[in-house]
Amino acid sequence: MNEISPVTDAATDTPVKATPALPDAQTVTEVKHWTDKLFSFRCTRPASLRFRSGEFVMIGLMGEVNEKTGKQKPLLRAYSIASPSWDEEMEFYSIKVENGPLTSRLQHIKVGDEIILRPKPVGTLVHDALIPGKRIWFFATGTGFAPFASLLREPQTYEDYDEVIITHTCRTAGELTYGRELIEGLKDDELLNEVIGDGFWKKIKYYPTTTREESPKMGRITDLINSGEAYKDLDVAPLCPDNDRAMICGNMAFNLELKDMLEKAGLEEGANSKPAQYVVEKAFLD
């Protein structure tokens with residue numbers, strides 16, 4: 001049996017300490033910048049990671065070295081997984097915050113770089129947290145589209161529902177690009193059309209709106225629903241507890257307003273432990 005000799009510094013003949021590997025490291029395989037404030041990236045997937053479409057994980061980078069201790073701690077944030085549960089890689093969709101502790105650095109990652117990915121998925125935006133229904137609504141603002149990017153590519157979504165409505169409200173038209181291109185790409189996705197069924201994407205009704213920049217449809221989704229305009233545009237009946245199920249992922253004010261709106265329509269909030277008619281992702285911050 002061969003014995004492995006320790007690595008030494010030739011000049012001093014003293015052992016060289018190996019540089020510790022990044023904990024829970026995964027390698028970046030693709031980066032796309034959608035606007036000056038939004039980007040997405042893909043990375044390798046831990047071999048042991050199993051998750052349900054719609055869940056989130058903690059990802060990040062190593063923080064700055066502490067001057068007193070000389071040590072580094074991981075800088076982590078909760079990120080919804082934008083890729084579906086069957087994907088061989090992981091996809092994430094992120095904002096860029098100039099002074100953000102993590103995103104100010106994360107936005108500069110390149111293919112081949114490593115990130116930290118803690119393989120412990122959790123979350124409420126999963127099919128298990130809803131009771132059966134006929135139609136599902138995905139309500140998103142900004143990067144809150146991420147979990148729905150996962151669910152829109154999940155076969156169970158189309159097995160469970162006759163109709164899938166995805167609303168996406170952003171400030172500018174450019175911020176809608178990621179979601180629009182993903183949905184348009186479903187039509188030509190040979191794998192999904194084969195697995196789910198040819199033309200599965202015809203079940204989707206996509207309703208993008210902007211609040212600041214001129215676009216084909218202006219306004220906050222809550223206002224458009226309360227006025228009845230959204231129902232008319234989509235050619236659907238108003239929300240009702242018998243047929244409709246919903247998932248919400250947006251900024252805090254948006255989440256609270258939609259919760260109130262859904263409950264006035266008679267829908268009850270669900271959870272993994274007690275499925276009901278709608279769920280909210282509480283970990284998301286836009």
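Since we're looking at a predicted model, the values are computed, not measured.

A.B. asks: Explain a nonpolar patch on the surface here, please?
C.D. replies: Together, Trp-86, Leu-191 and Val-195 give the surface a local cluster of nonpolar side chains, amounting to about 290 Å² of exposed area. Turning to its location among the elements, Leu-191 is positioned in helix 5 (residues 190–195). Judged by its relative accessible area of 45%, Leu-191 is partly exposed.

A.B. asks: What is the right way to look at the sheet that holds strand 4 (residues 38–44) in this model?
C.D. replies: What holds strands together in a sheet is hydrogen bonding between their backbones, with the strands either parallel or antiparallel. With respect to topology, six strands assemble into an open sheet ordered 6-5-8-3-4-7, the strand pairing being antiparallel. On the outer flanks of this sheet lie strand 6 (74–80) and strand 7 (89–95), each paired with one strand and no other. Each strand axis lies, on average, 40° off the axis of its neighbour in the sheet, ignoring direction. Direction of pairing for strand 5 (residues 56–62) relative to strand 8 (residues 114–122): antiparallel, over a ladder of four bridges.

A.B. asks: I keep staring at unusual backbone geometry and nothing clicks. Help me out?
C.D. replies: Most of the time, phi is negative for any residue but glycine, and the peptide bond is trans. Positioned with a positive phi, Asp-235 is a non-glycine residue whose angle comes to about 60°. Within the fold, Asp-235 resides in the loop between helix 7 (229–234) and strand 12 (244–249). The class for Asp-235 is exposed, based on a relative accessible area of 66%.

A.B. asks: Would you mind going over helix 8 (residues 252–264) with me for this structure?
C.D. replies: Residues spaced three or four apart along an α-helix face the same direction, because each turn holds 3.6 residues. For helix 8, spanning 13 residues, the distance from its first C-alpha to its last is 18 Å, which sits close to the expected 18 Å at 1.5 Å a residue. In this structure, the buried residues of helix 8 make contact with strand 9 (135–141), helix 6 (221–226), strand 12 and strand 13 (278–280). Looking at the residues trailing helix 8, positive phi occurs at Gly-266, about 100°.

A.B. asks: What should I look at first to understand the pattern of salt bridges in this one?
C.D. replies: If charged atoms from side chains of opposite charge come close, those side chains can pair. Following the criterion strictly, the structure yields 19 salt bridges and no others. Between Glu-163 and Lys-205 there is a salt bridge; the shortest N-O distance is 3.2 Å. In this pair, Glu-163 sits in strand 10 (residues 163–170) while Lys-205 sits in strand 11 (residues 204–210), placing the two residues 42 residues apart along the sequence. Residue Lys-259 pairs with Glu-269 through a salt bridge whose shortest N-O separation is 2.5 Å. Linking Lys-259 in helix 8 with Glu-269 in the loop between helix 8 and strand 13, this pair joins segments that are ten residues apart in sequence.

A.B. asks: Explain the packing of aromatic side chains here, please?
C.D. replies: Under the counting rule described, the total for this entry stands at ten aromatic pairs. Ring geometry for Tyr-93 versus Tyr-178: centroids 4.0 Å apart, planes at 15°, classification stacked. One end of the pair, Tyr-93, is in strand 7; the other, Tyr-178, is in helix 4 (residues 177–186), with 85 residues separating them in the sequence. Each of the two residues, Tyr-93 as well as Tyr-178, counts as buried. Plain terms: the ring middles of Tyr-158 and Phe-200 are 4.9 Å apart, the flat faces sit at 75° to each other, and that makes the pair edge-to-face. Taken together, the residues Tyr-158 in helix 3 (residues 155–160) and Phe-200 in the loop between helix 5 and strand 11 connect sequence positions 42 residues apart. Judged by its relative accessible area of 5%, Tyr-158 is buried. Residue Phe-200 is classed as buried on the basis of its relative accessible area, which comes to 5%. Members of the aromatic cluster, connected to one another through ring pairs, are Trp-34, Tyr-93, Phe-145 and Tyr-178.

Cut-off values and rules
Residues numbered from 1 in each chain as written. Predicted model: local features only at pLDDT ≥ 70, side-chain atom pairs only at ≥ 80, totals over all residues. Heavy atoms only, no water. Patch = residues over 30% accessible without salt bridge, like charges linked within 9 Å, V, L, I, M, F, W, Y side chains within 5 Å. Areas by Shrake-Rupley, 256 points an atom, 1.4 Å probe, with all protein chains shown as cover. Salt bridge = Lys/Arg side-chain N within 4 Å of Asp/Glu carboxyl O. Helix = DSSP H or I, 4+ residues; strand = E, 2+ residues; numbered from the N terminus. Buried < 20%, exposed > 50% of the residue type's maximum accessible area, 1.4 Å probe, protein only. Pairing = 2+ DSSP bridges. Axes fitted to C-alpha atoms, helices over the stretch in contact; angles between N-to-C directions. Expected span 1.5 Å × (residues − 1). Contact = heavy atoms within 4.5 Å. Phe/Tyr/Trp six-rings, centres within 6.5 Å; stacked < 30°, edge-to-face > 60°.

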